[in-house]
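Secondary and tertiary structure notes
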Amino acid sequence: MSAAEISHAIQSIGFLTYIRESGYTYPVIMATHLTCIAIFGGLILTTDLRLLGLAFTDISVTDFVRGTRLWKRIGFCIMVTMGLLLGTSEMDKYYANPYFLMKMSLIVLVGVHAWYFRPRVYNNTAAIDRAPQIPGVAKAAAVTSLVLWIGIASCGRWIAYWEPPRPKAPAIPTTAAIDIHAPGMARLPVTWIK
Amino acid sequence: MLIYDLNANPLNSNEWAFPLTECFHITSFALSIGTIALVDLRLLGLGMRHQTAGQIVKDTSLWTLAGFIIVIFSGLLIFSSDPIHYLYNQAFRFKVTALTLGIIYNYTIHRKVALSNSSGGTGVLVGGISVLLWISVVFSGLWIAFI
């Protein structure tokens, strides 16, 4: 089955069709998704600022990461759930959308980011606090996190602005290309009959 | 002043301008609301328990303000792209009201209660109202597109 057929099949699942055609449900799901960007995206942003040493320098990295960890995870779960509902309910429109595909790729990269930096930074905050200067790996984690998450939010916003390429309309023949002479008719210069 | 040639506004004529402005709007409200959420988490007793609310509010103030400045600036730009439409949009009017209330609340009651490190009931009430206010701003912001 082609991607188009699979997308249409996914989109046609009962409750997803309901979400897509609903009056209030779809906006509420999207607004929840957006609120998660505000609150939990904000927590991620501030953690990155702390890891870069640009803010909250009087709070230890350990306290900061530990204090926000639970809510970042809860927020991530809600965001992903809402995102899945949003994406699958409109799969027909999204599967070919390059911004949607890029957003999904960036989310995969976030997983890679977590896999790589969690043992070195996020579970290693005591060592970061002991170090005289914030180690390079922590800053690298923060910068890549910023780039990835701002990229995800931007791609998410841009999804709505992509239009699928439409088939070109057939060319309208010009008058010179239309032959108005019936078979056997004399080809005389055209004169207007008054 | 609200009636002018809308095509002269680059947000309407340039392909990238409007989405880019919206991205600035989104990132800056993530910064503002995120830093306010940090204070609220502490006031609600749900996180950052090793710090006092006063300490968190002092640390976040500058960033919240920076976020507000960019959010309002980008918001005004977006508004300028279709002023009459937004003015007549009920969700937009609600959003601006909630935003104004939120900003005033943030710099008066919220700040005072956070700086006084009051525990228990007051903190929960003030933090809870703050969370609800800002969530309503985000919700109504999205609803602009749906009415």
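Residues numbered from 1 in each chain as written. Chains lettered and ligands numbered in written order. Predicted model: local features only at pLDDT ≥ 70, side-chain atom pairs only at ≥ 80, totals over all residues.

Observations concerning the interface of chain A and chain B
- If you look at the interface, chain A gives 28 residues, while chain B gives 29 residues.
- Of all the elements in the fold, those that place two or more residues in the side of chain A that touches chain B are α3 (25-51), α4 (61-89) and α8 (136-158) of chain A.
- Here the side of chain A that touches chain B takes 13 residues from α3 of chain A, the largest share from any one element.
- The class makeup of the residues in the side of chain A that touches chain B is 18 nonpolar, seven polar and three charged. (Contact = placed C-beta atoms within 7 Å. Helix = DSSP H or I, 4+ residues; strand = E, 2+ residues; numbered from the N terminus. Nonpolar A, V, L, I, M, F, W, Y, C, P; charged D, E, K, R; others polar.)

Notes on the packing of helix α2 (residues 17-43) of chain B against helix α6 (residues 121-143) of chain B
All names here are of chain B.
- Two elements in contact, α2 and α6, have axes whose closest approach is 8 Å; the angle formed by their N-to-C orientations is 155°. As far as their axial angle goes, α6 and α2 are roughly antiparallel. For the element pair α2 and α6, the recorded crossing hand is left-handed. On α6, the residues that touch Ile33, Ile36, Asp40 and Leu43 of α2 are Gly123, Val124, Val126, Gly127, Ser130, Val131 and Trp134. (Axes fitted to C-alpha atoms, helices over the stretch in contact; angles between N-to-C directions. Parallel < 35°, antiparallel > 145°, perpendicular 65-115°, else oblique. Left-handed = near helix turned anticlockwise from the far one by under 90°.)

Focus: α3 of chain A
All names here are of chain A.
- Its 27 residues give α3 an end-to-end C-alpha distance of 38 Å, which sits within 8% of 39 Å, the value for a rise of 1.5 Å per residue.
- Bending of α3 peaks at approximately 30° at the position of Gly41.
- By the criterion of burial, α3 is predominantly enclosed, with 21 of the 27 residues buried.
- Where α3 terminates, the next one or two residues include Gly53, which has phi positive at roughly 75°. (Expected span 1.5 Å × (residues − 1). Bend = angle between axes of the 7 residues up to and from the residue. Buried ≥ 20, exposed ≤ 12 C-beta atoms within 10 Å, placed from the backbone.)

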